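Observations on the model geometry
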Amino acid sequence: MTQGRYYPEGANFPDCLSGLFFFAAFSLFRFHGVFILWPMPHRTGDIAGVISRVPDTARGLSSRLHIIMNDEQLLRYSRHILLDPIGVEGQERIMGARVLIVGAGGLGSPAALYLASAGVGRITLADGDTVDLTNLQRQILHTQDRVGQAKALSGQAALACLNPEVVVVPVTERLAGERLAALIAEADTVLDCCDNFDTRHAVNRACVKHRVPLVSGAAVRFSGQVSVFDFRRTDSPCYHCLFPEGKDVEEMRCAVTGIFAPLTGIIGALQAAEALKLISGAGESLTGRLLLLNGLTMEWRSVRFGKDPRCAVCADSGKGIQSR
Ligand SMILES: [Zn+2]
């Protein structure tokens, strides 16, 4: 291990209440919590949608639009609202957020499902592949009757069934170049759920350039890992600090090495959790930590790493970013 860098062993980086109580608490919250504690005009009747832009970014939060929930939405997201670190304000940030998910496969499937069920306002789902029979063992966005369809479109159909309020933008191409940069620039948070190093590094460069937080996940065989790169912070390392591009690191693909199906669910769900924390402002993110899971022993390790002062991608992020 060198300062600011961590290489996993073997240098193989895997790519690839109860009812009545609740309603009583909820009613108290709505009629006392909202109207007494909320100092701004707040109608909870039929108003749904975008009310105002708030300077959340100035407070280090991700969501750009302030949503005010209607009655049905207050009920739908009540179990989030009951959580102090999220509450009404955090849930409204989630509903105003724009998230880009790169990859609608094993990791992208659970991540997209949890982000949609949690009410993320807009999800851009990008994947250039089509659904294959071999995907169905773990890629739970897709169904047997959609084999042959573009994964982004199959995923859009699944998310529409789960939560029709969420706007899902399907991108049926493998992201690269200006298209990738444009989609990242308009996102509040990016989830890297792809299966190849080229895309991982391209996503990292664009996220550094546009200062968009990146939640990176990988899983192969029985091994999984996840980390967060929060480029709203000047001290955040980037993906290249951790896994420098061009190093002789073996790329492992699920198609060749195999993958334990629930492992992608665990890592993808973790990515969704970190994204929702970044957006809502709840808790502490995994920035500067790499979380590793051995699925065979079910042991977790957390490894701290720092910013590489000589990193070709993020070292001069305040003065200008290397791009290609
Ligand atoms: Zn870096």
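Residues numbered from 1 in each chain as written. Predicted model: local features only at pLDDT ≥ 70, side-chain atom pairs only at ≥ 80, totals over all residues.

We now examine the sheet that holds strand β9 (residues 223-229). Strand order across the open sheet formed by eight strands is β6-β5-β4-β7-β8-β9-β11-β12, with mixed pairing between neighbours. The sheet terminates laterally at β6 (167-171) and β12 (299-304), the two strands that pair on one side only. Taking the axes of each pair of neighbouring strands and ignoring which way they run, one obtains an average angle of 15° across the sheet. Of the pairings in the sheet, the one linking strand β4 (residues 98-102) to strand β5 (residues 122-126) comprises five bridges and is parallel in character. Across the sheet, the residue bridging to V102 is A126, located in β5. With respect to the sheet, helix α11 (residues 261-280) is in contact with β4, β7 (189-192), β8 (214-220), β9 and β11 (289-294), its orientation differing from that of β8 by roughly 175°. (Pairing = 2+ DSSP bridges. Helix = DSSP H or I, 4+ residues; strand = E, 2+ residues; numbered from the N terminus. Axes fitted to C-alpha atoms, helices over the stretch in contact; angles between N-to-C directions. Contact = placed C-beta atoms within 7 Å.)

Below, the discussion takes up the confidence of the model for the chain. In the predicted model, the chain carries a mean pLDDT of 82, and 75% of its residues have values of at least 70. Taken as a whole, residues 1-60 scores under 50 in pLDDT and shows 84 contacts with residues more than four places along the chain or in a different chain. Counting interchain partners and residues more than four positions distant, the pLDDT-below-50 stretch residues 319-324 has seven contacts. (pLDDT = per-residue confidence, 0-100.)

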